[in-house]
Amino acid sequence: MSEGSVFHRAYRYRLRSNRKAEAVLRRWAGCSRKVWNLALAEQQARRERGEKYAGFVGMCQWVTAWRKAPETAYLAEVPVHALQNVVRALDGAFQRFFRKEGGYPKFKRRGDPIGLRETDVKCFSVDAANGRIRFPKVGWLRYRASRPIEGRAITATLRAEADGWYVSIACAFEPKALERGPKACGIDRGVANFAAFDTGQRIAPLDAHKRAVQCLRRHQRAVARKLEAAKVAAGIPKGKPFPKGFRLQPSNRLRKAQARVAKIHQGIARQRADFLHKLLTQIAREHALVCLEDLRVRLMSASAAGTQEAPGKRVRQKAGLNRSILDQGWSMFKDQLAYKLEWRDGVLVLVHPAYTSQRCHACAHTHADNRKGEVFRCRSCGHTDHADVNAAKNILAAGHAVLAGDGQALVEGEVQSGRPVKREPTEGVGHAA
């Protein structure tokens, strides 16, 4: 890493706030959701009138007007920077939509997560020695200081989760010289084997969602039954959806059932994050160069339902495979490995995944029949290996070709455009639908 390099790291803690403070934060979260919906509705109205899209600065002017308007004067009790960061997030969602990297922004419903972010360092302060943070208009909030903070705090975000409120403190720091290994490796990501290394090592998948799916389904059915009972109590015919604009007043039993489902999802996400952080820290510590396939997870996990004119085939099987792919967290794998290597002056190289599982590492013969399940047997030279390990060796060779200026591959951070890329089919079987 170059001298004077500044990196960012977020520290997340659970708040030890009282009921009064949490009531204020919930009210602020509702106001933030209101600003998001008002700004999105105004953008849609401008589009219908044929006007241009209003950027972040224009939406900030709307926020100022809404805070002063009599009908929305309650927005003035929320810190202004928190509301401005809401429209900043909406502007980012629109920019991704314009670049065709995401869908059109949607209105937020009650209960949808939304954060309260303060980005002005003059408006908040962190007392790490006593485990507390001062947030505008709410005062000091204590948090569980599970680990020390390193660096200079630049943002603070409060967010509600299934088991309470959490604060994320983003810090800028100049990292120390971290230890790293001299080795290079190629890694093939999969479903049957989460990761296979060119050395022959294979990592079994965690399958956090698969292990919890039976418990999750049981509690989701309980929520569905209570929702159906609420429909009948409200006079809605059985089996019919809620009318547009209908606001359900959930019972205590329904709230508890929904909280149980949210707690299960939270546990799945935390298990997956813990598994990835531990594994990727070890990989970054032991290797100076890591080569991965440049997988387009969104396209690989797309539905096979098709349309009414051209319906898809094996839709249930593809849905199970999609669940398996998303359960692995491949995108998190790449993103976390990128910054962990960067902290240690390591290099992450992304290569095209085309034919990496069908090409023989020994003689470079490529044929679809070379791979049968998890066994690779070359039809030309007879070379035999585990299919994922052979693919990892090809990925490592392609990564070296990138660094040498040869081969069709991508380096992390570069932009590739204008050239069609044939994607490698995903191996493995999905969960039962």
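Residues numbered from 1 in each chain as written. Predicted model: local features only at pLDDT ≥ 70, side-chain atom pairs only at ≥ 80, totals over all residues. Heavy atoms only, no water.

## A short note on the state of the cysteines
In protein chemistry, a disulfide is the covalent bond that joins the sulfur atoms of two cysteines. Overall, the coordinates contain 0 disulfides when judged by the stated rule. Here Cys-171 is not cross-linked by a disulfide; its sulfur's nearest cysteine counterpart is in Cys-123, at 17 Å. (Disulfide = S-S within 2.5 Å.)

## Regarding the sheet that holds strand S5 (residues 139-142)
With respect to topology, 3 strands assemble into an open sheet ordered S3-S4-S5, the strand pairing being antiparallel. Both edges of this open sheet fall to strand S3 (125-127) and S5, since each of them pairs with a single strand only. Strand-to-strand twist of the sheet, defined as the mean angle between neighbouring strand axes without regard to direction, takes the value 25 degrees. In this sheet, S5 lies alongside strand S4 (residues 132-135) in antiparallel orientation, the contact comprising 4 bridges. Of the residues in S5, the one forming a bridge with Arg-134 is Trp-140. (Pairing = 2+ DSSP bridges. Helix = DSSP H or I, 4+ residues; strand = E, 2+ residues; numbered from the N terminus. Axes fitted to C-alpha atoms, helices over the stretch in contact; angles between N-to-C directions.)

## Remarks on the confidence of the model for the protein chain
Where the model shows low pLDDT, its predicted coordinates should not be examined in detail. The predicted model of the protein chain has a mean per-residue pLDDT of 87, with 91% of residues at 70 or higher. Mean pLDDT values for the elements of the protein chain range from 46 in strand S16 (residues 409-411) up to 96 in helix H2 (residues 56-68). Low pLDDT (under 50) marks residues 409-433, which in the prediction has 60 contacts with non-local residues, meaning those over four places away or in another chain. (pLDDT = per-residue confidence, 0-100. Contact = heavy atoms within 4.5 Å.)

## Comments concerning the sheet that holds strand S15 (residues 384-386)
The 3 strands lie next to each other as S13-S14-S15, forming an open sheet whose pairing is antiparallel. Two strands close off the open sheet at either side, each with one partner strand: strand S13 (371-372) and S15. Across 3 bridges, strand S14 (residues 375-377) lies against S15 in antiparallel orientation. The residue of S15 that forms the bridge with Arg-377 is Thr-384. Across the sheet, helix H9 (residues 387-403) touches S13, S14 and S15, and the angle it forms with S15 is around 95 degrees.

## Focus: the pairing of strand S12 (residues 347-351)
For S12, a buried count of 4 out of 5 residues is recorded, marking the element as mostly surrounded by other parts of the structure. Relative to S12, strand S11 (residues 287-293) is paired through 5 bridges, and the arrangement is parallel. By the bridge assignment, Leu-292 is partnered in S12 with Leu-350. (Buried < 20%, exposed > 50% of the residue type's maximum accessible area, 1.4 Å probe, protein only.)

## With respect to the side chain of Gln-328
Within the fold, Gln-328 resides in helix H7 (residues 315-328). Judged by relative accessible area, Gln-328 falls into the buried class, the value being 2%. Reaching out from Gln-328, the side chain makes a polar contact with the backbone oxygen of Ser-324 at a distance of 3.0 Å. Every residue in contact with Gln-328, bar those within four places of it in the chain, is listed here: Gly-190, Phe-194, Pro-205, Asp-207 and Leu-276. (Polar contact = N/O pair within 3.5 Å; in protein donor to acceptor, adjacent residues only side chain to side chain.)

## Focus: the pairing of strand S8 (residues 183-189)
When you tally the buried positions in S8, you get 5 out of 7 residues, the bulk of the element. The pairing of S8 with S11 spans 4 bridges and is classified as parallel. Directly across from Ala-184, in S11, lies its bridge partner Leu-289. Here S8 pairs with strand S9 (residues 195-197) via 3 bridges, running antiparallel. Paired with Asp-188 across the strands is Ala-196, a residue of S9. Counted between consecutive antiparallel strands, the loop separating S8 from S9 contains 5 residues.

## Notes on the nonpolar core
If you look at the biggest cluster of nonpolar residues, it comprises 41 residues, and the most contacted ones within it are Leu-15, Val-35, Ile-133, Leu-158 and Val-167. With 10 residues, the single largest contributor to this core is helix H1 (residues 19-48). If we ignore the near neighbours within four places in the chain, the residues touching Leu-15 are Leu-25, Leu-141, Arg-142, Tyr-143, Leu-158, Trp-165, Tyr-166 and Val-167. Counting 26 residues, the second-largest nonpolar core is a separate cluster that includes Phe-197, Val-290, Phe-333 and Ala-338. (Core = buried A, V, L, I, M, F, W, Y, C linked by side-chain atoms within 4.5 Å.)

## Describing the packing of helix H5 (residues 252-286) against helix H8 (residues 330-343)
Two elements in contact, H5 and H8, have axes separated by 9 Å at closest approach and are oriented at 40 degrees. One way to sum up the angle between H5 and H8 is to call them oblique. Classified by chirality, the crossing of H8 by H5 is right-handed. Residue-level inspection shows Arg-272, Ala-273, Leu-276, His-277, Leu-279, Leu-280, Thr-281, Ile-283 and Ala-284 of H5 in contact with H8, the latter providing Met-332, Phe-333, Gln-336, Leu-337, Tyr-339, Lys-340 and Leu-341. Tallied by class, the residues present in the contact of H5 with H8 amount to 11 nonpolar, 3 polar and 2 charged. (Parallel < 35°, antiparallel > 145°, perpendicular 65-115°, else oblique. Left-handed = near helix turned anticlockwise from the far one by under 90°. Nonpolar A, V, L, I, M, F, W, Y, C, P; charged D, E, K, R; others polar.)

## Thoughts on the environment of Asp-198
Its location among the elements puts Asp-198 in the loop between S9 and strand S10 (202-203). For Asp-198, a relative accessible area of 17% corresponds to the buried category. Asp-198 sits 116 residues away from Ala-82 along the chain, and the two C-alpha atoms are 47 Å apart. Asp-198 has contacts with Ala-184, Cys-185, Gly-186, Val-389, Ala-392, Lys-393 and Leu-396, leaving out every residue within four places of it along the chain. Polar side-chain contacts of Asp-198 include one of 3.0 Å to the backbone nitrogen of Gly-186.

## Quick word on unusual backbone geometry
A negative phi angle characterises most non-glycine residues, just as the trans form characterises most peptide bonds. A positive phi angle, close to 70 degrees, is found at Lys-137, a residue other than glycine. Mapped onto the fold, Lys-137 is located in the loop between S4 and S5.

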